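Working through the structure, step by step
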Amino acid sequence: SQKIEQNSEALNIQEGKTATLTCNYTNYSPAYLQWYRQDPGRGPVFLLLIRENEKEKRKERLKVTFDTTLKQSLFHITASQPADSATYLCARGGSSNTGKLIFGQGTTLQVKP
Amino acid sequence: SQTIHQWPATLVQPVGSPLSLECTVEGTSNPNLYWYRQAAGRGLQLLFYSVGIGQISSEVPQNLSASRPQDRQFILSSKKLLLSDSGFYLCAWSVTERGTEAFFGQGTRLTVV
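Quantities reported herein were computed from a predicted structural model and do not represent experimental measurements. (Residues numbered from 1 in each chain as written. Chains lettered and ligands numbered in written order. Predicted model: local features only at pLDDT ≥ 70, side-chain atom pairs only at ≥ 80, totals over all residues. Heavy atoms only, no water.)

1. Quick look at the pattern of salt bridges
This is how the line gets drawn: Any Lys or Arg side-chain nitrogen located within 4 Å of an Asp or Glu carboxyl oxygen qualifies as a salt bridge. Under the scheme applied here, a residue whose accessible area is under 20% of the maximum for its type counts as buried, over 50% as exposed, and between as partly exposed, the area being computed with a 1.4 Å probe on protein chains only. Secondary structure elements are taken from DSSP: a helix is a run of H or I of four residues or more, a strand is a run of E of two residues or more, and numbering for both begins at the N terminus.
Enumeration over the complete set of coordinates arrives at eight salt bridges over all chains. Ionic pairing is found between A:E56 and A:K63, a salt bridge with its closest N-O pair at 4.0 Å. What makes A:E56 partly exposed here is its relative accessible area of 39%. Here B:D85 and B:R37 are joined by a salt bridge, their closest N and O atoms 3.9 Å apart. Placement of the pair is B:D85 in the loop between β8 (73-78) and β9 (87-94) and B:R37 in strand β4 (residues 32-38), with a sequence separation of 48 residues. The burial state of B:D85 is the same as that of B:R37; both residues are buried.

So, in structure tokens, the structure goes:
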């Protein structure tokens with residue numbers, strides 16, 4: 001079955017550093033991967049989508065990579081700020097055209113001032 | 001612009017009582033609709049999705065059911081709640097094309113006592 005695995009351990013970094021979060025998938029490469037941010041008690045908010053034919057996608061201080069050889073996506077936040085503290089979820093699309101998403105368990109990022 | 005409304009925000013229900021959570025979407029037509037559940041510290045588990053009125057697909061066997069009586073209305077129900085039904089329930093929508101992001105409601109925190 002298709003799975004998405006994220007490091008369940010919290011990531012603690014100092015303000016101003018680059019945070020790097022990892023997402024690994026199993027079986028065949030998904031057509032795309034998505035990254036979401038979730039604050040406590042709130043619904044996830046979409047951040048970035050990267051397709052399998054794209055190696056890298058950027059949006060402001062965010063960067064996502066997609067390595068089909070390693071079956072991995074990396075999510076980077078440069079010049080991190082305490083406001084970036086949240087849980088970040090990785091998701092892959094299913095094989096059908098329903099828009100179903102399979103989510104990882106998320107990685108909690110804590111940026112310390 | 002599109003908005004998604006989900007209510008109530010919190011709910012405490014006794015074991016054996018019925019459940020009805022409602023979700024409505026505004027500003028779009030014929031969206032794909034989803035119900036997810038999130039256990040504490042875990043990722044999102046897809047419960048149901050719908051690609052049209054009256055069309056419901058269940059992802060996991062459970063004590064819950066879903067209905068879509070109108071194009072932009074999605075309801076999650078149970079006849080008799082179990083303790084294991086406690087969790088954070090999220091409604092989401094996406095456009096029908098594959099590979100687009102999902103937009104989530106604010107979630108309902110359900111506690112079955």
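2. A look at the state of the cysteines
Rules: Two cysteine sulfur atoms make up a disulfide if the distance between them is within 2.5 Å.
Overall, the coordinates contain two disulfides over all chains when judged by the stated rule. Bridging A:C23 to A:C90, the disulfide has an S-S length of 2.0 Å. Note on the A:C23 and A:C90 pair: the S-S dihedral is about -65°, so by sign convention the disulfide is left-handed. Taken together, the residues span a long stretch of sequence, with A:C23 in strand β3 (residues 19-25) and A:C90 in strand β9 (residues 86-93) at a distance of 67 residues. Accessibility classification places A:C23 together with A:C90 in one group, the buried group. A sulfur-sulfur distance of 2.0 Å marks the disulfide that ties B:C23 to B:C91. Disulfide B:C23-B:C91: torsion about the S-S bond near -75°, hence left-handed. Placement of the pair is B:C23 in strand β3 (residues 19-26) and B:C91 in strand β9, with a sequence separation of 68 residues. Each of the two residues, B:C23 as well as B:C91, counts as buried.

3. Considerations on the side chain of A:K100
Our working rule: In the analysis that follows, any N or O atom pair within 3.5 Å is treated as a polar contact, provided that within protein one partner can donate a hydrogen and the other can accept it, and provided that, for residues neighboring in sequence, both atoms belong to side chains.
Examined against the element boundaries, A:K100 turns out to sit in the loop between β9 and β10 (101-103). Side chain to side chain, A:K100 and B:E59 meet in a polar contact 3.3 Å long.

4. Some words on the sheet that holds strand β1 (residues 4-6) of chain A
All names here are of chain A. Selection rule: Each pair of strands is called paired provided DSSP finds at least two bridges between the two strands. To get an axis, fit a line to the C-alpha atoms, keeping to the stretch in contact for a helix; angles then go from 0 to 180 degrees between the N-to-C directions.
The strand order β1-β3-β8-β7-β6 describes an open sheet built from five strands, whose pairing is antiparallel. Two strands close off the open sheet at either side, each with one partner strand: β1 and β6 (56-59). Mean inter-strand twist for the sheet, computed between neighbouring axes without regard to direction, equals 20°.

5. What about the pairing of β6(A)?
For a regular strand, side chains alternate in direction, first toward one face of the sheet and then toward the other. Residues and elements named next belong to chain A. The pairing of β6 with strand β7 (residues 62-67) spans four bridges and is antiparallel. Within the sheet, the bridge partner assigned to E56 lies in β7 and is T65. Between β6 and the antiparallel strand that follows it, β7, lie two residues; E60 among them carries a positive phi value of about 55°.

Function-wise, these values are silent; they only describe arrangement.
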